[in-house]
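# Residue-level structure breakdown
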Amino acid sequence: MKTRILKPDATALHEAAALLRNGRLVGFPTETVYGLAADALNTQAVNAIFEAKGRPGDNPLIIHIAEIQELDRLIRVKPSPVARRLMDAFWPGPLTLIFPKSDIVPACTTGGLDSVAVRMPSHPVARELIRLSGVPVAAPSGNRSGRPSPTAAAHMMEDMDGRIEMIIDGGECDVGVESTVVDMSGDVPRILRPGGITREMIAEIAGDCKVDSTVMRPLKENERPKSPGMKYRHYAPAGQLTIFHGECENVIAAICETYDHAQSEGHRALILALEPHIARYGDRRCVSLGRDATEMAHVVFSALRGADDAHAEVILSESVEAEGIGLAVMNRLGRAAAFHIVEVD
Ligand code: TXA
Ligand code: MG
């Protein structure tokens, strides 16, 4: 199969929508990352997603809808008043809510769970594609399992060439990290995966918001996370990634020292640094993480892909504070590093 990359004009979107209705897979842009779309209610199509990604079958998919009315038939009980308020505030947008699933949602879509994750993306191409297809769209991030999520059509092509029929190219994704996944089963919303809608934003609407403890630490042996995706090694570059945290001057000094040591031992090293610090590393190899946490969210996955492209064996990264969008950035970087974080104060 030859994978085509098409601009999001009306012809391409109609063709993509027809593919979805026929149980085929399509790559498409969202405001977070590129997704791998299929009809969420078609068991064969959903199985093809797991196959194309090389994804374990117990890791559930998010269902994407274009209109709020489409939620009703996917869920078993009406959303709580708090869930309603969150949907009013943040849909369409990078917020995924988990509800008890209805019988029409196949078990393969939810990885065998009795709950279903739903989101309404804000990207106009994503919404138009879902609307034209007329089906609820299951879509994980469009990477092969274990690779960083794609934030551009070219990234998705690297991972999916020959595995799917087409990728709709909507340019670079706006947010750069995946949606915030929130468990609504308790009294207080609980973030299972941080993303573009921050804990602070949710707390302002819902009164309170918890962050699951698995977000910023490795799992214990035999621990079963609420979000099954958490247990898999995600976003991982081939090289050994270490994150440095602490006072800026000390971080830069520690990274320089570790870099020089690695190079002297014959290992190819690479630094992921905030833009204003890059000059401080002299002629050491650096990739920019942007100027702040928001820019870092935008580039973190392409920086990790870049580290692979550069065949870096030792990757040394600066960090930001784990608050606001910084929580999502540090969760992705942390997991890519298997939470190998050096405190340098
Ligand atoms: O921004 C996004 O959410 C992107 C774009 C394409 O929409 N999609 C995405 O999907 O990131 P995926 O499959 O890569 O990540 C879905 C995450 C996984 O960690 C999965 O375990 C969790 O959501 N999840 C899905 N359904 C769940 C459920 N019923 N209960 C708990 N966690 C669930
Ligand atoms: Mg993913």
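Structure's up top.
Everything quoted here is computed from the prediction, not taken from an experiment. (Residues numbered from 1 in each chain as written. Chains lettered and ligands numbered in written order. Predicted model: local features only at pLDDT ≥ 70, side-chain atom pairs only at ≥ 80, totals over all residues. Heavy atoms only, no water.)

## A look at unusual backbone geometry
Excluding glycine, most residues fall at negative phi; most peptide bonds, likewise, are trans. Stated precisely, the cut-off is as follows: Runs of E in the DSSP output that reach at least two residues are strands. Runs of H or I that reach at least four are helices, and both are numbered from the N terminus.
Following tryptophan 91, the chain continues to proline 92 via a peptide bond in cis, the omega torsion being -5 degrees. Phi angles above zero are rare outside glycine, and histidine 311 is one such case at about 55 degrees. Inspection of the secondary structure assignment puts histidine 311 in the loop between helix 8 (293-309) and strand 15 (314-317).

## Here's the deal with the sheet that holds strand 15
Condition: Two strands are said to pair when DSSP picks up at least two bridges between them. Simply put, an axis is a line fit to the C-alpha atoms, just over the touching stretch for a helix, and the angle between two N-to-C directions goes from 0 to 180 degrees.
Spatially, 14-13-15-12-16 is the arrangement adopted by the five strands of the open sheet, whose pairing is parallel. The open sheet has two edge strands, strand 14 (286-288) and strand 16 (341-343), and neither has a second partner. Averaged over all neighbouring strand pairs, the angle between strand axes comes to 25 degrees, with direction disregarded. The pairing of strand 12 (residues 240-245) with strand 16 spans three bridges and is classified as parallel. The residue bridging histidine 245 from the neighbouring strand is glutamate 343, located in strand 16.

## With respect to the pattern of salt bridges
We count it as follows: We define a salt bridge as a side-chain nitrogen of Lys or Arg found within 4 Å of a carboxyl oxygen belonging to Asp or Glu. Between buried and exposed lies partly exposed: a residue is buried under 20% and exposed over 50% of the maximum accessible area for its type, with that area taken using a 1.4 Å probe on protein chains only.
Applying the stated criterion across every chain, the model contains 18 salt bridges. Between arginine 24 and glutamate 165 there is a salt bridge, with the nearest N and O atoms lying 3.0 Å from each other. Placement of the pair is arginine 24 in the loop between helix 1 (10-21) and strand 2 (26-28) and glutamate 165 in the loop between helix 5 (153-160) and strand 8 (166-168), with a sequence separation of 141 residues. For arginine 131, the salt bridge identified is with glutamate 128, shortest N-O distance 3.0 Å. In this pair, arginine 131 and glutamate 128 both sit in helix 4 (residues 124-133), three residues apart, roughly one turn of the helix. Residue class for arginine 131 comes out partly exposed when judged on its relative accessible area of 48%. What emerges from the salt-bridge pattern is a single network uniting Arg147, Glu158, Asp159, Arg305 and Asp308.

## Let's talk about the nonpolar core
Proteins that are soluble and globular tend to have nonpolar side chains buried together. Where we set the bar: Note on terminology: a nonpolar core comprises buried Ala, Val, Leu, Ile, Met, Phe, Trp, Tyr and Cys residues joined through side-chain atoms within 4.5 Å. The contact definition used throughout considers only heavy atoms, calling two residues in contact when any of these lie within 4.5 Å.
In this structure, Trp91, Leu95, Leu97 and Ile202 are the most contacted members of the largest nonpolar core, which totals 45 residues. Among the elements of the structure, strand 3 (35-39), helix 2 (43-53), helix 3 (81-90), strand 5 (95-100), strand 6 (115-119), helix 5 and helix 6 (199-206) are those that each provide at least two residues to this core. Setting aside its immediate chain neighbours within four residues, leucine 97 contacts Ala83, Leu86, Met87, Trp91, Val116, Ala117, Val118, Val182 and Met184.

## Examining helix 7 (residues 248-264)
Note the cut-off: Take the number of residues in a helix, subtract one, and multiply by 1.5 Å to get its expected span.
Across its 17 residues, helix 7 extends 24 Å between first and last C-alpha, which sits within 8% of the 24 Å expected from 1.5 Å per residue. Turning to helix 7, its buried residues are Val251, Ile252, Ala254, Ile255, Cys256, Tyr259 and Ala262. Turning to helix 7, the residues buried within the fold contact strand 12, strand 13 (269-273) and strand 15. Backbone geometry just after helix 7 places glycine 266 at a positive phi near 90 degrees.

## Quick notes on the packing of helix 3 against helix 6
Short version of the rule: Oblique is the label for any angle not under 35 degrees, not over 145, and not in the 65 to 115 range, which are roughly parallel, roughly antiparallel and roughly perpendicular in turn. By definition, any crossing whose near helix is turned counterclockwise from its far helix by less than a right angle is left-handed, and any crossing with a clockwise turn is right-handed. Under the scheme applied here, ten amino acids are nonpolar (Ala, Val, Leu, Ile, Met, Phe, Trp, Tyr, Cys and Pro), four are charged (Asp, Glu, Lys and Arg), and all others, including Gly, are polar.
Following both chains from N to C, one finds helix 3 and helix 6 inclined at 125 degrees, their axes separated by 9 Å at the closest point. Relative to helix 6, helix 3 is oriented oblique. Of the two elements, helix 3 crosses helix 6, and the hand of that crossing is right-handed. From helix 3, Val82, Arg85, Leu86, Ala89 and Phe90 reach across to helix 6, where they touch Met201, Ile202, Ile205 and Ala206. Of the residues contributing to the contact of helix 3 with helix 6, the split by class is eight nonpolar, no polar and one charged.

## A word on the sheet that holds strand 2
Read across the sheet, eleven strands follow the order 1-8-2-3-7-4-6-5-9-10-11 without closing on themselves; strand pairing throughout is mixed. Because the sheet does not close on itself, it has two edges, and the strands there are strand 1 (4-6) and strand 11 (210-211). Where helix 4 meets the sheet, its contacts fall on strand 2, strand 4 (62-64), strand 7 (137-138) and strand 8, and the angle it forms with strand 2 comes to roughly 145 degrees.

Taken by themselves, the reported measurements are silent on function.
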